[in-house]
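Structural characterization, general
Take a look at the letters that make up each chain.
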Amino acid sequence: MKTRMIFLGPPGAGKGSQAKILANKLNIPHISTGDMFRYHIKNNTKLGIEAKKYTDQGQLVPDEVTNGMVKERFNESDVKDGFILDGYPRTPEQALYLESMLNELKMPIDIVLNITSEDEVIIRRITGRRTCPVCGSIYHIDNFPPKVPNICDKDGATLVQRKDDSKETIMKRLEVYNKETYPLIAYYTQTGLLVDVDGNRDLEVITNDVLEILEQK
Ligand code: AMP
């Protein structure tokens with residue numbers, strides 16, 4: 001299925017985990033600006049050094065930096081078969097930039113999935129989240145623990161907590177989400193592309209729900 005979709009929703013609503021599963025199932029690239037920034041930060045690139053100033057504080061990286069990085073990603077040929085954008089756009093300016101870029105490429109968005117969740121659930125989810133620094137797999141200490149505590153099932157690496165997953169940074173990220181990203185819900189509702197998906201369910205149930213939504217589109 002050549003679907004071009006956006007995953008919208010607050011941090012910790014499960015967008016990343018769901019986007020990874022679906023991208024695999026649909027055989028399309030998963031484009032996560034958060035993952036791209038983390039890659040640059042890990043490799044100490046110029047962009048990474050700039051981005052770290054913001055990500056560590058739970059702030060958004062400036063639009064021109066983010067848009068430039070996304071534009072470059074869309075130069076790659078794999079996007080022509082569809083894609084999942086996860087964590088982008090996150091501001092009205094990014095949404096406008098994306099729309100004009102995709103219009104030029106003649107690849108308009110088909111659907112925007114708004115993964116919903118409540119603040120308490122989000123805080124519990126994010127503080128318990130652990131990721132593998134090697135393969136990027138995501139676990140949760142209660143909901144989705146690895147077989148051996150703190151060790152990645154896939155490659156045996158010791159799991160880490162993302163620096164921006166501490167409680168204070170989450171509160172900041174939620175505040176930024178409500179102010180900067182929440183308005184995009186109205187924007188995409190108006191374009192008729194938005195579909196709400198209840199994120200407070202098991203990953204597998206959500207995946208099946210989304211696949212059904214895509215079938216009906
Ligand atoms: P995420 O993994 O999507 O929660 O992103 C982690 C961090 O990367 C965010 O808290 C921001 O600092 C930065 N980031 C990711 N995507 C964007 C974006 N679209 N615009 C600005 N900053 C972003």
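Residues numbered from 1 in each chain as written. Predicted model: local features only at pLDDT ≥ 70, side-chain atom pairs only at ≥ 80, totals over all residues. Heavy atoms only, no water.

The full count for this structure, using the stated rule, is 14 salt bridges. Where E76 meets R73, a salt bridge forms, and the shortest distance between an N and an O atom there is 3.6 Å. The class for R73 is buried, based on a relative accessible area of 14%. A salt bridge links K80 to D81, with the shortest nitrogen-to-oxygen separation between them at 4.0 Å. (Salt bridge = Lys/Arg side-chain N within 4 Å of Asp/Glu carboxyl O. Buried < 20%, exposed > 50% of the residue type's maximum accessible area, 1.4 Å probe, protein only.)

Moving on, we come to helix α4 (residues 63-73). Along α4, the positions that sit buried rather than exposed are D63, T66, N67, M69, V70 and R73. Down the axis, α4 shows its buried residues gathered within 160° of arc, on one side only. Every exposed residue of α4 that faces more than 90 degrees away from the buried side is listed here: E64 and E72. Buried residues along α4 sit in contact with β2 (30-32), α2 (33-42), α3 (46-55) and α5 (92-104). (Helix = DSSP H or I, 4+ residues; strand = E, 2+ residues; numbered from the N terminus. Arc of directions from axis to C-beta. Contact = heavy atoms within 4.5 Å.)

Further remarks concern the site of the ligand. With respect to spatial proximity, 16 residues lie near the ligand, and among them T33, R38, Q59, G87 and Q94 are the closest. At 2.6 Å, a backbone N or O of Q59 approaches an oxygen atom of the ligand. Here a nitrogen atom of the ligand and a backbone polar atom of G87 are 2.9 Å apart. Among the elements that line the shell around the ligand, the one with the most residues is α2, at four residues. In the shell around the ligand, the residues fall into four nonpolar, seven polar and five charged. (Near = heavy atom within 4 Å. Polar contact = N/O pair within 3.5 Å; in protein donor to acceptor, adjacent residues only side chain to side chain. Nonpolar A, V, L, I, M, F, W, Y, C, P; charged D, E, K, R; others polar.)

In this section: the layout of surface pockets. By volume, the second largest pocket is sized at about 180 Å³. Lining the second largest pocket are H30, I31, S32, D35, M36, Y39, H40, M69 and R73. Contributions of two or more residues to the lining of the second largest pocket are made by β2, α2 and α4. Broken down by element, the residue count for the lining of the second largest pocket peaks at four residues, all from α2. Classifying every residue of the lining of the second largest pocket gives four nonpolar, three polar and two charged. (1 Å grid on protein atoms, 1.4 Å probe; cavity = no way out; pocket = protein on both sides within 12 Å on 5 of 7 lines; lining within 4 Å. Points joined across faces, edges and corners; volume = space filled by probe spheres on them.)

Bringing the side chain of T207 into the picture now. With respect to the helices, strands and loops of the structure, T207 is situated in helix α9 (residues 203-216). The exposure class of T207 is buried, given its relative accessible area of 3%. A polar contact of 2.6 Å, which involves the side chain of T207, links it to the side chain of Q18. A distance of 2.8 Å separates a polar side-chain atom of T207 from the backbone oxygen of L203. In this structure T207 touches Q18, I21, L22 and K25, once residues within four positions along its chain are discounted.

Counting buried positions over the five residues of strand β1 (residues 4-8) gives five, a clear majority of the element. Judged from the four bridges that link them, β1 and strand β3 (residues 83-86) form a sheet pairing that is parallel. Across the sheet, F7 pairs through a bridge with D86, a residue of β3. Bridge count between β1 and strand β4 (residues 111-116): four bridges; the pairing is parallel. From the neighbouring strand, M5 faces β4, where its bridge partner is I111. (Pairing = 2+ DSSP bridges.)

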